[in-house]
Amino acid sequence: MANTFSNIKETVISGVILFLPIFILLLIFKKLYDSLYGIGHKLCIIFGLDKMAEMNFVPILTTILLVIVLYLFGLMVRFAMVTKIKEWIENNVLIYIPTYSKYKAKMMAKLQPEDRSEHPVLVQLGEAWKPGFLMNAADGKSTVFLPTTPDTDYGEVWIVQDSKVTTVEMTPKEFRTSILLSGKGIKTGKSRINKE
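Residues numbered from 1 in each chain as written. Predicted model: local features only at pLDDT ≥ 70, side-chain atom pairs only at ≥ 80, totals over all residues. Heavy atoms only, no water.

Helices and strands together make up the secondary structure of the protein, namely five helices and five strands. Traced from its N-terminal end to its C-terminal end, the protein shows the element sequence α-α-α-α-β-β-β-β-β-α. Put simply, the protein has 196 residues, and 25% of those count as buried. Residue pairs in contact within the protein that sit at least 24 positions apart in sequence constitute 49% of those at least 6 positions apart. Carbon and sulfur atoms provide 66% of the accessible area of the protein, an area that totals close to 14000 Å². (Helix = DSSP H or I, 4+ residues; strand = E, 2+ residues; numbered from the N terminus. Buried < 20%, exposed > 50% of the residue type's maximum accessible area, 1.4 Å probe, protein only. Contact = heavy atoms within 4.5 Å. Areas by Shrake-Rupley, 256 points an atom, 1.4 Å probe, with all protein chains shown as cover.)

As structure tokens, this is what we get:
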């Protein structure tokens, strides 16, 4: 009974987490469309299109304006400042939504294609081990990428001795998901990098 209740609760929370961004997106879309509708109506008056009784041009102009605005938003994503604002919202606002990070990590893992060129590893840095990806190994040295969180596409590239690198028996997708979940599920490596 307790397991059934727990499963129902987790499924409901999953549904809320999945629906919440869609609901917010639709709400913003409606507000934006309503705002642009007024501008579209004014443009119809300016161009004299309102006098053409056989066809209403306001929705057409509003849709064109909406596409232009969304295109401009798409251009804004390329700026680092906008990316920082998005990350700030995720790190300071969305973290208070229960299990948001967990379900975001699951969704990101499903969206990211499997990358066979990366090999999950643990890299020894002093007395600690840091999760990373082996990019290349030659001449007793390994080139590793050490990702950051929450965005594992960013990080640092290090070149270390092969003896400092231990492989992890996980797929790159599973490994990235574990990093996004604050290390939950990362398997400890047992084998050293094979020297070539």
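Attention shifts here to the pattern of salt bridges. Under the criterion given, the structure shown has one salt bridge. For Lys-30, the salt bridge goes to Asp-34, with nearest N and O atoms at 2.9 Å. Of this pair, Lys-30 and Asp-34 both sit in helix H1 (residues 2-47), separated by four residues, roughly a single helical turn. (Salt bridge = Lys/Arg side-chain N within 4 Å of Asp/Glu carboxyl O.)

Let us now look at the sheet that holds strand S3 (residues 141-147). Judged by pairing direction, the sheet is antiparallel, and its five strands sit side by side in the order S4-S3-S2-S1-S5 without closing on themselves. Each of the sheet's edge strands pairs with one partner strand only, and the pair in question is strand S4 (155-161) and strand S5 (165-167). Sheet twist, expressed as the average angle between the axes of neighbouring strands with direction ignored, equals 40°. In terms of strand pairing, strand S1 (residues 119-125) meets strand S2 (residues 128-138) through seven bridges, oriented antiparallel. Bridge pairing in S2 places Val-121 opposite Gly-132. The strands that helix H5 (residues 172-180) touches are S1, S2 and S3; relative to S2, the one it contacts most, it runs at about 150°. (Pairing = 2+ DSSP bridges. Axes fitted to C-alpha atoms, helices over the stretch in contact; angles between N-to-C directions.)

Time to look at H5. The element H5 is extensively covered by neighbouring structure, given that seven of its nine residues are classed as buried. Residues of H5 that are buried include every one of Pro-172, Phe-175, Arg-176, Thr-177, Ser-178, Ile-179 and Leu-180, and no others.

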